Amino acid sequence: MKKILLGIFMLLCIVSCGSGPDKTVSKFIESVKAEKMKEAAKYAIDDSFEGNLDVKYNNKFQELLFKTLLKNLEYKIIGTEKQDNDTTIVTVEVTNLDVQKVFLQVFQKMSQEVFTNKDSKPLSAEERFKQELEAKDKPKTKNTTKFVVKKTPQGEKVVVTAENIDVLLGKLNTTLLNLGNLGKTENETAVELPETGPSTG
């Protein structure tokens, strides 16, 4: 009898250790990082999530950019806060490429080349981005984002927002919406992101 009770206790421990809002968020992020969008969609409450991140590369640069961002994505869950019986807020600290600084460095170097490089042909924008993305010491940034996790009949699911995806990808969407304001402070360039995930198709 003691062995049976011990077995049940261990099973409960394994189940409880393998689930929970923080574990759900971790599984979601790990799937995105591994480019397994179908797997990530299993943890998202919105059925359109997979379509929103169905990345189709128009050129080699886009492919290199996304793959570099996913490769450099690191995260740490720094807190969970239960809102009610069905809702938990999971706060995640994300480290990734500082996309704004990468874009800024590219534009600055291209401008310098145009005015100072008289003899050789300047690098194209694509070549310059490739150079920056493949550099050993790439600029990094840390940001926090809050994931809402809800209990559903299918288990715990993440309410994925555009802000969540933007932070995971080094504020890529924010940078693209503010190309005319590169180098300014975040308060000066604040743009309200749409509620749904970014369209990358």
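The coordinates are above.
Residues numbered from 1 in each chain as written. Predicted model: local features only at pLDDT ≥ 70, side-chain atom pairs only at ≥ 80, totals over all residues. Heavy atoms only, no water.

Asks: In this structure, what is going on with the packing of helix H5 (residues 60-72) against helix H7 (residues 125-133)? I would like to understand it.
Replies: The relative placement of two packed helices comes down to the angle between their axes together with the axis-to-axis distance. Two elements in contact, H5 and H7, have axes whose closest approach is 10 Å; the angle formed by their N-to-C orientations is 20°. Taken together, the axes of H5 and H7 lie roughly parallel to each other. Like other packed secondary-structure pairs, H5 and H7 cross with a definite hand, here left-handed. Note on element contacts: H7 touches H5 through Glu126, Phe129, Lys130 and Leu133, opposite Phe61, Leu64, Leu65 and Thr68. When grouped by side-chain class, the residues that make up the contact of H5 with H7 number five nonpolar, one polar and two charged. (Axes fitted to C-alpha atoms, helices over the stretch in contact; angles between N-to-C directions. Helix = DSSP H or I, 4+ residues; strand = E, 2+ residues; numbered from the N terminus. Parallel < 35°, antiparallel > 145°, perpendicular 65-115°, else oblique. Left-handed = near helix turned anticlockwise from the far one by under 90°. Contact = heavy atoms within 4.5 Å. Nonpolar A, V, L, I, M, F, W, Y, C, P; charged D, E, K, R; others polar.)

Asks: Would you mind going over the side chain of Thr95 with me for this structure?
Replies: One can find Thr95 in strand S2 (residues 87-97). With sequence-adjacent residues up to four places away left out, Thr95 is seen in contact with Asn72, Leu73, Glu74, Lys140, Thr141 and Lys142.

Asks: Is there a simple way to explain the nonpolar core in this structure?
Replies: Nonpolar side chains in soluble globular proteins tend to be buried together. By size, the foremost hydrophobic cluster in this structure holds 36 residues, and its most contacted members are Val25, Phe28, Ile29, Phe49, Phe147 and Leu168. Contributions of two or more residues to this core are made by helix H2 (21-33), helix H3 (37-41), H5, S2, helix H6 (99-116), H7, strand S3 (140-152) and helix H8 (162-168). Ranked by the residues each element gives to this core, the list is headed by H5, at five residues. Once residues within four sequence positions are removed from consideration, Phe147 is found in contact with Val25, Phe28, Ile29, Thr88, Ile89, Val90, Val92, Val158, Asn164 and Leu168. (Core = buried A, V, L, I, M, F, W, Y, C linked by side-chain atoms within 4.5 Å. Buried < 20%, exposed > 50% of the residue type's maximum accessible area, 1.4 Å probe, protein only.)

Asks: Teacher, can you tell me more about unusual backbone geometry here?
Replies: A negative phi angle characterises most non-glycine residues, just as the trans form characterises most peptide bonds. Positive phi, close to 60°, is recorded for Glu35, a residue that is not glycine. If you trace the backbone, Glu35 turns up in the loop between H2 and H3. When its relative accessible area of 36% is taken as the criterion, Glu35 is described as partly exposed.

Asks: Can you help me understand the pairing of S3 in this one?
Replies: It is a general feature of regular strands that their side chains alternate between the two faces of the sheet. One ladder, built from eleven bridges, connects S2 with S3; its direction is antiparallel. In the sheet register, Glu93 faces S3, and the bridge partner there is Thr144. Of the pairings in the sheet, the one linking S3 to strand S4 (residues 155-159) comprises five bridges and is antiparallel in character. The partner of Lys150 across the bridge, within S4, is Lys157. Between S3 and S4, which pair antiparallel one after the other, the connecting turn spans two residues. (Pairing = 2+ DSSP bridges.)

Asks: Explain a nonpolar patch on the surface to me, please; I cannot follow it from the model alone.
Replies: Nonpolar side chains collect at one region of the surface, where Phe107, Leu176 and Leu179 lie side by side and expose about 250 Å² of accessible area between them. Turning to its location among the elements, Leu176 is positioned in helix H9 (residues 172-177). (Patch = residues over 30% accessible without salt bridge, like charges linked within 9 Å, V, L, I, M, F, W, Y side chains within 5 Å. Areas by Shrake-Rupley, 256 points an atom, 1.4 Å probe, with all protein chains shown as cover. Salt bridge = Lys/Arg side-chain N within 4 Å of Asp/Glu carboxyl O.)

Asks: What is the right way to look at H5 in this model?
Replies: Given 3.6 residues per helical turn, the α-helix brings residues three or four places apart onto the same face. With 13 residues, H5 extends 18 Å from end C-alpha to end C-alpha; this agrees with the ideal 18 Å at 1.5 Å per step. Taken as a whole, H5 has its buried residues at Phe61, Leu65, Phe66, Thr68, Leu69, Leu70 and Asn72. Where H5 starts, the residue carrying a side-chain oxygen 3.1 Å from the main-chain nitrogen of Phe61 turns out to be Asn59. (Expected span 1.5 Å × (residues − 1). Polar contact = N/O pair within 3.5 Å; in protein donor to acceptor, adjacent residues only side chain to side chain.)

Asks: How do you make sense of H7 when you look at a structure like this?
Replies: Buried residues of H7: Arg128, Phe129, Glu132 and Leu133, and no others. Here the buried residues of H7 occupy an arc of 130° about the axis, which is enough to place them on one side. (Arc of directions from axis to C-beta.)

Asks: What am I meant to see in the sheet that holds S3 here?
Replies: Think of a sheet as strands paired side by side through backbone hydrogen bonds, with each pair either parallel or antiparallel. The strand order across the open sheet formed by four strands is S1-S2-S3-S4, and the pairing between neighbours is antiparallel. Strand pairing shows two members of the sheet lacking a second neighbour, strand S1 (74-82) and S4, which therefore form its edges. Sheet twist, expressed as the average angle between the axes of neighbouring strands with direction ignored, equals 30°. Here H5 sits on the sheet and contacts S1, S2 and S3; the angle it forms with S2, its principal contact strand, is near 115°.

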